[in-house]
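Listed below, chain by chain, are the residues.
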Amino acid sequence: MSENRVAAVLLDRSLEKHLDYEIPSEMQARIQVGSRVEVFVRKALCKGTVAILKKASTFGTLRPLHRLIEEHGLSDPLWQLAHWMSRYYCCPLQRTLKCLTPPNVRREVKQKTRLTVSLAVTREEALDLCRKLQGKQSAQALVLEKLLKAERPPCLKDLEVSRSSVDTLVKKGAVRLIEIQENGLDDAEFFPSPPKILNGEQAACLTEIQKSLDAGVFQTHLLFGVTGSGKTEVYLQAIQHALSLGKSALLLVPEIALTSQTIERFRARFGLKLAILHHRKSLGERSAAWESLKSGEVKIAIGARSALFCPAKNLGLIIIDEEHDSSYKQNEEMPTYHARDVAVMRGKLEKATVLLGSATPSLDSYANALAGKYRLGVLSTRATLAAQPTMRIIDMKQALDKAGGFTHFCPELLEGIEERTAKGEQTLLLLNRRGYRRMQICSECRYIAKCPHCDLSLTYHKEPNLLRCHLCDYQAQLLRECPSCRGHSQMEFRGFGTEHVERSLRALFPHIRTLRMDRDTTRKKESHEELFKQFRAHKADVLIGTQMIAKGFHFPCVTLVGILNADAQLQIPDFRSAESLFQLIAQASGRAGRSDLKGEVILQTFLPHHPLLPLAASQNYTAFYEREMEERKQFSFPPFSRLIKIVFSGPDEKETNRIADAFRAGLIQSAPPDAEILPMLPAGHPKIKERYRFQFLIKTKAILPMADRLEQLRQKGPLPKNIHMLIDVDPTATFF
Ligand code: ADP
Ligand code: ZN
């Protein structure tokens, strides 16, 4: 180690190459690969990560490293993980390192400290002094008064008194100031909940997980358990076991499920020693949480996708709850990683146990389990007395005929809502489109009001009475007349969204209280948590929302779930559409009747004979799996092949298309023989924010050889500056 005199540094700011620096002798012993350092580039100081240590450099004289920020920047497994991700997801190492060194690390945000004030004398002495000070030095008397009343030493800033009076009291020896490190942990209240006695299936699954934890070898488990089967209890006891072995555990949940309701369940078991990693926390708090995990002081981390890279010390267990959830995939930015797949790789590098849980496993994971790559554990019944809900499929064509016009609700659903409301139970209504009306269209010439920046029709929002683009948030006034045929015609509306459903329901049943939850009502930071709390507190009878209301929440009083347009999902030309619909229906059914009240799901559709619906309605996952795998096999879609999607975007349509075509032609020449390069197509959204988008898919047997080819091609000829290329490996969406 000591002969290494040169460190090749990767700067945080984008530069593809390493820069060589001399290691000053006083840093020799401490610099390692993964260390965080600061160096001069010309006259500016820049931060970076040491990527390589070497004896000499091909460059002549080198500048010395300026400062060692942190010796153990990235652990060895995390460093290797970054390399693997870079290769697999065809993404420069710098960009991958961005995921592993989040802003709190890059900006060196320090852990916050706070000053608390406490009495340095007995209560009697303080009371005595307080009396003496009253009148003359009332500010000091006030401080003592507040301290005497406080249950615990308060923070200086919470005391709301003048600092100088506190300082004077310190000098007098009556109070003392103590500096306390913030640890990034919450100090909320919780009710302890002891471990439950597991049922046979739960116990069998846990035993297998414990075996791999004990053995300390890498093993992935797939926990396939219907909603309410007690997967979380298995997670809790698996974490307990990891802790008993002195190992730490990391739990990922879908972004939207990271609410106080979820966190409380873990706190109730493990107390406050949890690091919750979310965006809503300040950088200081995140830093503190990061540090406490790194030192091993805290051994449990919970967070969404990006928490996967937290530096937990001696990581023994990684749990991915709802492993099929699409929020685990980073789609829009490189590296286009899937947290589940990267978790499995991290588990391998850390020799950890990986536990994937779902009621509707992704076909890929289930196939891996059947092939013996993952160990399969099954929970087939609900853990409590709650039975699975009944499902009804309703033909909406007939419902519309009966109603003699348009309606959102079939009679069965309306009856159901009324009946539930009368009994004090609650209903969820799902429609996967927000806004009031989907578009404005001219009755004569069929002109559609579109966004000037994107290729998308504008959605009419009643609140605040505007047309809005769902891609770029552009807003415009409603059209009074058609700009194309000038006033000889009328503008009409087409299609409906959640806003309309809410209004229609209120018009039908003025006494029913509704809440709406979609991207419009949850723009503010805590608003979705707030809406959930209101609904749980029964401030409304019906919650109307987009898919977000179907995910991972527990509402004990919900006994009816209506899926208003179950077909919408199937109209998206994507090979995963059926899978997403199956998942949606399962999730929705998981919301119905979770306690001792019997639940019901009503599925409205215009395709009542679609073969998928009865399978989804009876939650027959294995039958669905077999049917879907047959189809995937026929067309050679994943898991029978691997896909890479390449998306080009640029300000000029023709130029973008031309560059994309040229890249594709180059790829066809150099691709491995088993790879199939599919045709170039405009993306599902062909224009977003003034940029035209073209894409093509690569079908291949294995990702790595193809990824290596792509990397070579990328390095050979850089693209023009204004054309952007996104490489999406294992894309979850192939159309948009
Ligand atoms: P899932 O995560 O599979 O949807 P949960 O873990 O939320 O299921 O469990 C559903 C309900 O069953 C919860 O209220 C939970 O406390 C309860 N539960 C789980 N396991 C047991 C058990 N072994 N005995 C009694 N109740 C249990
Ligand atoms: Zn737009």
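Residues numbered from 1 in each chain as written. Chains lettered and ligands numbered in written order. Predicted model: local features only at pLDDT ≥ 70, side-chain atom pairs only at ≥ 80, totals over all residues. Heavy atoms only, no water.

Student: Could you give me a rundown of the pattern of salt bridges, with the residues and numbers involved?
Tutor: This model, assessed by the stated rule, comprises 38 salt bridges. Across the pair E71 and R30 runs a salt bridge, and its minimum N-O distance is 3.4 Å. In this pair, E71 sits in the loop between β5 (67-70) and α1 (76-88) while R30 sits in the loop between β2 (19-22) and β3 (36-41), placing the two residues 41 residues apart along the sequence. In this structure R30 comes out as partly exposed when scored by relative accessible area, which is 41%. For R67, the salt bridge identified is with E38, shortest N-O distance 2.9 Å. Here R67, found in strand β5, pairs with E38, found in strand β3; they are 29 residues apart in sequence, far enough to count as distant. Looking at E38, the relative accessible area reads 11%, which means it is buried. If you follow the salt bridges from partner to partner, you end up with R434, R468, D473, D520 and R523 in one network. (Salt bridge = Lys/Arg side-chain N within 4 Å of Asp/Glu carboxyl O. Helix = DSSP H or I, 4+ residues; strand = E, 2+ residues; numbered from the N terminus. Buried < 20%, exposed > 50% of the residue type's maximum accessible area, 1.4 Å probe, protein only.)

Student: How would you explain a nonpolar patch on the surface if you had to name every residue and give the values?
Tutor: A contiguous nonpolar surface patch, about 230 Å² in accessible area, is contributed by L370, L376 and V378. By the element assignment, L376 lies in strand β14 (residues 375-379). (Patch = residues over 30% accessible without salt bridge, like charges linked within 9 Å, V, L, I, M, F, W, Y side chains within 5 Å. Areas by Shrake-Rupley, 256 points an atom, 1.4 Å probe, with all protein chains shown as cover.)

Student: Describe the sheet that holds strand β9 (residues 248-252), and please don't skip the residues or the numbers.
Tutor: Pairing within the open sheet is parallel, and its 7 strands lie in the order β10-β11-β9-β12-β13-β8-β14. Each edge of the open sheet carries a strand with a single partner, namely β10 (275-277) and β14. Each neighbouring strand pair of the sheet contributes to a mean axis angle of 15 degrees, computed without reference to strand direction. Note: strand β12 (residues 315-321) against strand β13 (residues 353-358), 5 bridges, orientation parallel. Considered in β13, the bridge of D321 is made with G357. Where helix α11 (residues 283-295) meets the sheet, its contacts fall on β10 and β11 (300-303), and the angle it forms with β10 comes to roughly 130 degrees. Relative to the sheet, helix α12 (residues 339-350) contacts β8 (219-225), β9, β12 and β13, its axis offset from that of β12 by approximately 165 degrees. (Pairing = 2+ DSSP bridges. Axes fitted to C-alpha atoms, helices over the stretch in contact; angles between N-to-C directions. Contact = heavy atoms within 4.5 Å.)

Student: Please set out unusual backbone geometry residue by residue, giving values where relevant.
Tutor: Omega for the bond connecting M334 with P335 falls within 30 degrees of zero, at 0 degrees, which places this linkage in the cis form. A cis amide bond links E463 with the next residue in sequence, P464, at an omega value of 10 degrees. Mapped onto the elements, P464 comes out in the loop between β18 (459-461) and β19 (466-468). You will see that N314, though not glycine, has its phi angle at about 50 degrees, which is positive. Looking at the element boundaries, N314 is found in the loop between β11 and β12. Look at S636: it is not a glycine, yet its phi comes out positive at around 50 degrees. Considering the arrangement of structural elements, one finds S636 in the loop between α20 (621-634) and β26 (642-650).

Student: How would you summarise the site of ligand 1 if you had to cite specific residues and measurements?
Tutor: In the vicinity of ligand 1, 17 residues are found, and the nearest of them are I197, Q202, G228, K231 and T232. Between ligand 1 and G228 there is a distance of 2.8 Å, counted from an oxygen atom to a backbone nitrogen or oxygen. R265 places a polar side-chain atom, nitrogen or oxygen, 3.0 Å from an oxygen atom of ligand 1. For ligand 1, whose unbound accessible area comes to 570 Å², protein coverage reaches 79%. The leading source of residues in the shell around ligand 1 is helix α9 (residues 231-244), at 3 residues. Here the shell around ligand 1 is built from residues that sort into 4 nonpolar, 8 polar and 5 charged. (Near = heavy atom within 4 Å. Polar contact = N/O pair within 3.5 Å; in protein donor to acceptor, adjacent residues only side chain to side chain. Nonpolar A, V, L, I, M, F, W, Y, C, P; charged D, E, K, R; others polar.)

Student: Before we move on, could you go through the pairing of strand β29 (residues 691-700) and cite the residues and values that matter?
Tutor: By the criterion of burial, β29 is predominantly enclosed, with 8 of the 10 residues buried. Looking at chain direction, β26 and β29 are connected through 9 bridges and run antiparallel. Each bridged residue has a counterpart across the sheet, and for R642 the counterpart in β29 is T700. In this sheet, β29 lies alongside strand β27 (residues 676-677) in antiparallel orientation, the contact comprising 2 bridges. Following the sheet pairing, E676 is matched in β29 by K699. Examined bridge by bridge, strand β28 (residues 681-688) and β29 share 4 bridges and lie antiparallel to one another.

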